[in-house]
Amino acid sequence: MKLLIKNGRVIDPMNGIDEQLDVLINNGLIAEIGKNLAAGKNERIIDAGRKIICPGFIDMHVHLRDPGYLYKEEIASGTRAAAAGGFTTICCMPNTKPVIDNAAVAAYVRQIAAKSGVVNVLPIGAITRNQKGEEITEMADLIAAGCIAVSDDGKPVEKAEIMRNALEYAKMFDLPVLSHCEDTSLSKDGQIHEGFYSTYYGYKGIPAAAEEIMAARDIILAKLTGGHIHICHVSSRGTVDMIRKAKAEGVNITCEVTPHHLTLTDKATGTYDANTKVNPPLRSQEHIKALMEGIVDGTIDCIATDHAPHALESKDCEYNFAAFGISGLETAVPLAMSLVNKKFTVNKMIHLFTAGPAGVLCLDKGSMGIGDTADLTILDPEKIKTVDPNRFYSKGKNTPFAGKKLKGWPYMTIVNGKIIAEDGRMIEE
Amino acid sequence: MNLAQKKDLLGLKDMSKEEIELILETAVPMKDIIKRDIKKVPTLRGKAMVTVFYEPSTRTRTSFEIAGKYLSADTVNLAVATSSVQKGESLKDTIKTIEVMGFDLIVMRHSMSGTPHYVARNTDMRVINAGDGANEHPTQALLDLYTIKEKKGTLEGLTVTIVGDILHSRVARSNIYGLSKFGCEIRVVGPSTLMAPEIEKLGVKCYYDLEKALAGADVVNILRIQKERQHTGLFPTLDEYANLYMVNKDKLKRAREDVLVLHPGPMNRGVEIASEIADGAQSLINEQVTNGVAVRMALLFLMMGGTRDEITN
């Protein structure tokens, strides 16, 4: 089946393309990109006028909850949420039950993804066995089973010695080590960012220093070992500043930022609605400003959702009892679009979802070359819609953005040359 | 004017000066009722209220209970230790169960900030916050304001010094939110480890030296120090705390001669307050307890539909 996408603006940051072009897809591959391509026989034509055609979006930080927590999310629901949200590739974190700390669990995830998933699923293995921070995992075996990075996400690797060994060992395979930076002695019992609003609303605060201290340690260890450290969900000015400096010194370091840390401040916690509870916490305007600066000057490599679906009762409760996390796959693109032309260009935004994460993980994705797999995301920058968690494909309805009207949504998600979602709804066979 | 249009009382943060004044004025005739021989009026007959305390309390719970009883409301106390919390029931389910028994109003205390707000969103009952975590304790602040106003005649322009564990204190916060609406100069003083971040942005002056903080003060409100805080390393010993921050005769000399001494209780004598001060002529600590009943009567009355004229005429 051939597909001809006409009249769209193609933006492919990796190849430096930004112009009005048609895209022809044949047999799941990009067959041709050019001006005024003529429609042949048996071609379905998609009018992408006033739309933006991009390489398929990649989310390198997703919790799919399978195995072990199927009441929170399944690979079937999580990948549909990704498709509806405009993503063609997602990387899933290993904090499942059992943990993805060996090849068998990684193989299981890939098998379920092949059977019931609708987008590309790339598992991330654990850094340490059972995420206990004690013994490093069989990384070669994890890579052989399809893992593209390692992380103990949700938990920091407490001991510097273990992190050092992990970085040294992962270096042999050019395997990125994704670090959840948190000094838990400083963040203990904390609910929101420590600052004016923790005082005003009476919460126990989590200081930015809890993140920065661990980030500093990991940067030093990356310098020591030459291993590739990737700082997950950067939320503080101090972390951005340290990463900028480390990059200038040539340290092998990358980082990501989430849509919620870019668009919400700690002020949002004043409702005591646990949907605003996330780790690292929503921070103050001053920190958001630093994140924007980091995006503009290239310190921040990509946007990742940290999609953390939870069951209703884990959020519909006392704030302190609630779980940390936001269901992010179905709001990430419009949230990022809401910053376009205000904080950065649309080209930059697309970079952060395509070439950015592909570069971090050395993936053969995130661009639109002739002969490449036809994974595409088409954006409708004019579309205005209100966030309605009841319409989420994700089982996690936990979002602080419910009821928010946003402009700029994914129009079409194409995986392997097949249209799988249109206007936020799945096209099921 | 009444507070019937206000479903809940969750904090002084979002109350107007007029609403606070109304409560304080309504508490005046309520205090008269307490002093009567027959301390019961039929005003809230047929209304039902329940106190649900997820944290130990004697005075606040008793104060609410007797306030309701003086007004003839049916008052029930839910003893949380023996309730379904122990069986793992969700708070939402517990509240729903209480609601469908027909209660009009719930008085709630919880160790976690924002829990009364969460409950208020999930019930048709009126909710009064009797203290939530380190957030607010609005009725304590209202009774503090009442006590000050009764003695000083006004709240406007007074200098009030709050001493102790500001970081964890809901009493401090509610007092700050209330007093700042009356143009008071508010000072907070305590060890730096027990000071709340960026608290100056609330319009208060922050001190670490008790004597400086007391200089020229009209009112000193002394907070209870939780002895557990020492174990988490926030201050070295109770002795050192007492050396630096216990309000005693000597330190209090810095304040105005007619300074009023408040303490929300229960007191740790010899730690945050010297007995000579607790039992001294300037201490209003027992007066506060009586006023607490009056203020809570006023609140229950105004929230459940009464108007001020009704009680004075």
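Because the structure is a prediction, the values reported are computed rather than measured.

Let's shift gears to the overall build of chain B. In terms of helices and strands, chain B carries 13 helices and 9 strands. The C-alpha radius of gyration computed for chain B amounts to 19 Å, which stays within 12% of the reference 20 Å derived for 313 residues, consistent with globular compactness. Counting only C-alpha atoms and orienting by the principal axes, one finds that chain B spans roughly 55 × 50 × 35 Å. Sorting the 313 residues of chain B into buried and exposed places 58% on the buried side. Partitioning the intrachain contacts of chain B with sequence separation of at least 6 by distance along the chain shows that 75% fall at a separation of at least 24. Working note: accessible area of chain B is about 12,600 Å², and carbon and sulfur atoms make up 48% of it. Charged side chains in chain B number 41 positive and 40 negative. The centres of these two groups are separated by 2 Å.

Below, the discussion takes up the interface of chain B and chain A. In many reports, interface size means the accessible area that the parts give up when they come together. Tallying the contact residues gives 22 residues for chain B and 18 residues for chain A. Of the roughly 1,600 Å² buried at the junction of chain B and chain A (both faces included), carbon and sulfur atoms supply 57%. A per-residue breakdown of the area chain B buries against chain A is headed by M112(B), Y118(B) and P197(B), which together make up 31% of the total. Between chain B and chain A we count 11 residue pairs in polar contact (both at pLDDT 80 or more) in total. Counting residues per element, the side of chain B that touches chain A draws most heavily on helix α4 (residues 115-121) of chain B, which supplies 4 residues. By residue class, the composition of the side of chain B that touches chain A is 9 nonpolar, 7 polar and 6 charged.

Residues and elements named next belong to chain A. By volume, the second largest pocket amounts to about 500 Å³. Lining of the second largest pocket is provided by 24 residues; of these, H63, R65, N95, D153 and G154 occupy positions nearest its centre. In the lining of the second largest pocket, the residues fall into 5 nonpolar, 12 polar and 7 charged.

Here the focus is unusual backbone geometry. Residues and elements named next belong to chain A. With an omega dihedral of 5 degrees, the bond running from D66 to P67 counts as a cis peptide bond. With respect to the helices and strands, the residue P67 is situated in the loop between β6 (57-62) and α1 (75-84). A cis amide bond links N279 with the next residue in sequence, P280, at an omega value of -5 degrees. Relative to the elements of secondary structure, P280 occurs in the loop between α9 (259-263) and α10 (285-296). In the Ramachandran plot, Q131 falls in the positive-phi region, its phi being about 55 degrees despite a non-glycine side chain. Secondary-structure assignment places Q131 in the loop between β8 (120-123) and α3 (139-144). For Q131, a relative accessible area of 7% gives the class buried. A positive phi angle is found at Y272, which is not glycine, with a value near 60 degrees. Here Y272 lies in the loop between α9 and α10. By relative accessible area, which is 2% here, Y272 ends up buried.

With that settled, the discussion passes to empty space enclosed by the protein. Residues and elements named next belong to chain A. Following the criterion strictly, the structure yields 2 cavities of 30 Å³ or more and no others. Roughly 50 Å³ of volume is contained in the largest cavity. Tallied by class, the residues present in the lining of the largest cavity amount to 5 nonpolar, 2 polar and 3 charged. Taken as a whole, the second largest cavity encloses approximately 30 Å³ of empty space. As for the second largest cavity, its lining consists of P259, H260, T305, I326, G328, T331, L335 and F401. Classifying every residue of the lining of the second largest cavity gives 4 nonpolar, 4 polar and no charged.

Moving on, we get to the packing of helix α5 (residues 138-152) of chain B against helix α12 (residues 285-303) of chain B. Residue and element names in this part refer to chain B. α12 packs onto α5 with a crossing angle of 115 degrees between their chain directions and a minimal axis gap of 8 Å. Between α5 and α12, the angle falls in the class roughly perpendicular. In the packing of α5 onto α12, the handedness of the crossing is right-handed. In this structure, α5 contributes T139, Q140, L142, L143, D144, Y146, T147 and E150 to the contact, and α12 contributes E287, Q288, N291, G292, V295, R296 and L299.

Here we come to the nonpolar core. Grouped together as the largest cluster of nonpolar side chains are 78 residues, with contacts concentrated most on F57(A), F87(A), I90(A), M349(A), I350(A) and L379(A). Those residues in contact with I90(A) that sit more than four places away from it in its chain are D59(A), V62(A), L64(A), G78(A), T79(A), A82(A), V119(A), N120(A), V121(A), L122(A) and L329(A). In terms of nonpolar packing, the next biggest core, distinct from the first, is built from 76 residues, I20(B), A67(B), I148(B) and M195(B) among them.

For chain B, the mean per-residue pLDDT works out to 94, and 95% of the residues sit at or above 70. For this predicted complex, the interface score ipTM comes out at 0.93, while the overall pTM is 0.95.

This paragraph deals with the pairing of strand β3 (residues 29-34) of chain A. Residue and element names in this part refer to chain A. Here strand β2 (residues 17-26) pairs with β3 via 5 bridges, running antiparallel. Pairing of V23 across the sheet is with I33, part of β3. Linking two consecutive strands that pair antiparallel, namely β2 and β3, is a turn of 2 residues; a positive phi of about 55 degrees is found at N27 within it.

About the criteria used
Residues numbered from 1 in each chain as written. Chains lettered and ligands numbered in written order. Predicted model: local features only at pLDDT ≥ 70, side-chain atom pairs only at ≥ 80, totals over all residues. Heavy atoms only, no water. Helix = DSSP H or I, 4+ residues; strand = E, 2+ residues; numbered from the N terminus. Rg over C-alpha atoms; globule rule 2.2 N^0.38 Å. Buried < 20%, exposed > 50% of the residue type's maximum accessible area, 1.4 Å probe, protein only. Contact = heavy atoms within 4.5 Å. Areas by Shrake-Rupley, 256 points an atom, 1.4 Å probe, with all protein chains shown as cover. Lys, Arg positive; Asp, Glu negative; His and termini not counted. Charge placed at Lys NZ, Arg CZ, Asp CG, Glu CD. Buried area = accessible area lost by both parts, 1.4 Å probe. Polar contact = N/O pair within 3.5 Å; in protein donor to acceptor, adjacent residues only side chain to side chain. Nonpolar A, V, L, I, M, F, W, Y, C, P; charged D, E, K, R; others polar. 1 Å grid on protein atoms, 1.4 Å probe; cavity = no way out; pocket = protein on both sides within 12 Å on 5 of 7 lines; lining within 4 Å. Points joined across faces, edges and corners; volume = space filled by probe spheres on them. Axes fitted to C-alpha atoms, helices over the stretch in contact; angles between N-to-C directions. Parallel < 35°, antiparallel > 145°, perpendicular 65-115°, else oblique. Left-handed = near helix turned anticlockwise from the far one by under 90°. Core = buried A, V, L, I, M, F, W, Y, C linked by side-chain atoms within 4.5 Å. pLDDT = per-residue confidence, 0-100. Pairing = 2+ DSSP bridges.

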